[in-house]
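Chain residues, written in single-letter form:
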Amino acid sequence: MEECLICSRINMIKEGTNKYFVAELETGYVVLGDHQYFEGYTLFLGKEHKRELHELDSGYKQKFLVEMSIAAEAVYKAFKPHKLNYELLGNGDSHMHWHIFPRQLTEPNPAHPVWWTPRETMYADSCKPSEERLAELKQALLTELNKLV
């Protein structure tokens, strides 16, 4: 069996080596994306290794969805986008994780899905934040998250 990328990232959080980690909630971890083409791009990584929402117990599922929405609200308040895009895909990494994309009208294609952005553009090395910028993004997100939890 191939190792789960999301489980690996969670293990890095537990070891204190995931520099993108922002906060731990009851059902998941808030992390910034490695690439910040969409500045403020955040993920909410589910603590339980499950593929689908319906696999979660009802109460836990409700808490997971509420916490994802709290993370998204913090993203909205920290980065002031025109619109947020939310996605729970799992086709590539089948461990539930939410993508929270802040969208701006100044983007080349603000009305199109994020995945219309060429991969080589979205994942270019130039989209990786510097250590200083990463610290600023994390602080902005954590400040807003702490107001909500």
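What this report covers is the structure whose coordinates are included nearby. It should be emphasised that the depicted structure is a prediction, and the values quoted were computed from it without experimental measurement.

Bringing helix H2 (residues 58-79) into the picture now. Compared with the 32 Å implied by 1.5 Å per residue over 22 residues, the 32 Å span of H2 between its first and last C-alpha is a close match. Inspection of H2 places Phe64, Glu67, Met68, Ile70, Ala71, Ala72, Ala74, Val75, Ala78 and Phe79 among the buried residues, and these make up the whole buried set. Taken from the residues just after H2, Lys80 is the one with a positive phi, measuring 45°.

Summed over the entire model, instances satisfying the criterion amount to 6 aromatic pairs. Look at Phe38 and Phe101: their rings are 5.6 Å apart centre to centre, the planes differ by 80°, and that puts the pair in the edge-to-face class. Of this pair, Phe38 sits in the loop between strand E2 (28-32) and strand E3 (42-46) while Phe101 sits in strand E5 (residues 97-103), placing them 63 residues apart in sequence. The burial state of Phe38 is the same as that of Phe101; both residues are buried.

Within a sheet, each strand pairs with its neighbour through backbone hydrogen bonds, oriented either parallel or antiparallel. With antiparallel pairing, the 5 strands of this open sheet are ordered in space as E1-E2-E3-E5-E4. What marks the edges here is a single partner per strand, and that holds for strand E1 (21-24) and strand E4 (83-88). Here the strands of the sheet are splayed against their neighbours by 20° on average, with no regard to which way each runs. As paired elements, E4 and E5 share 6 bridges and run antiparallel to each other. In the sheet register, Asn85 faces E5, and the bridge partner there is Phe101.

The next point concerns the layout of surface pockets. Space inside the largest pocket adds up to approximately 420 Å³. Leu5, Tyr41, Leu43, Asp93 and His99 are, among the 19 residues lining the largest pocket, the residues nearest its centre. Among the secondary structure elements, those contributing two or more residues to the lining of the largest pocket are helix H1 (5-15), E2, E3 and E5. Top element by residues in the lining of the largest pocket is H1. It accounts for 3 residues.

The rules behind these values
- Residues numbered from 1 in each chain as written.
- Predicted model: local features only at pLDDT ≥ 70, side-chain atom pairs only at ≥ 80, totals over all residues.
- Heavy atoms only, no water.
- Helix = DSSP H or I, 4+ residues; strand = E, 2+ residues; numbered from the N terminus.
- Expected span 1.5 Å × (residues − 1).
- Buried < 20%, exposed > 50% of the residue type's maximum accessible area, 1.4 Å probe, protein only.
- Phe/Tyr/Trp six-rings, centres within 6.5 Å; stacked < 30°, edge-to-face > 60°.
- Pairing = 2+ DSSP bridges.
- Axes fitted to C-alpha atoms, helices over the stretch in contact; angles between N-to-C directions.
- 1 Å grid on protein atoms, 1.4 Å probe; cavity = no way out; pocket = protein on both sides within 12 Å on 5 of 7 lines; lining within 4 Å.
- Points joined across faces, edges and corners; volume = space filled by probe spheres on them.

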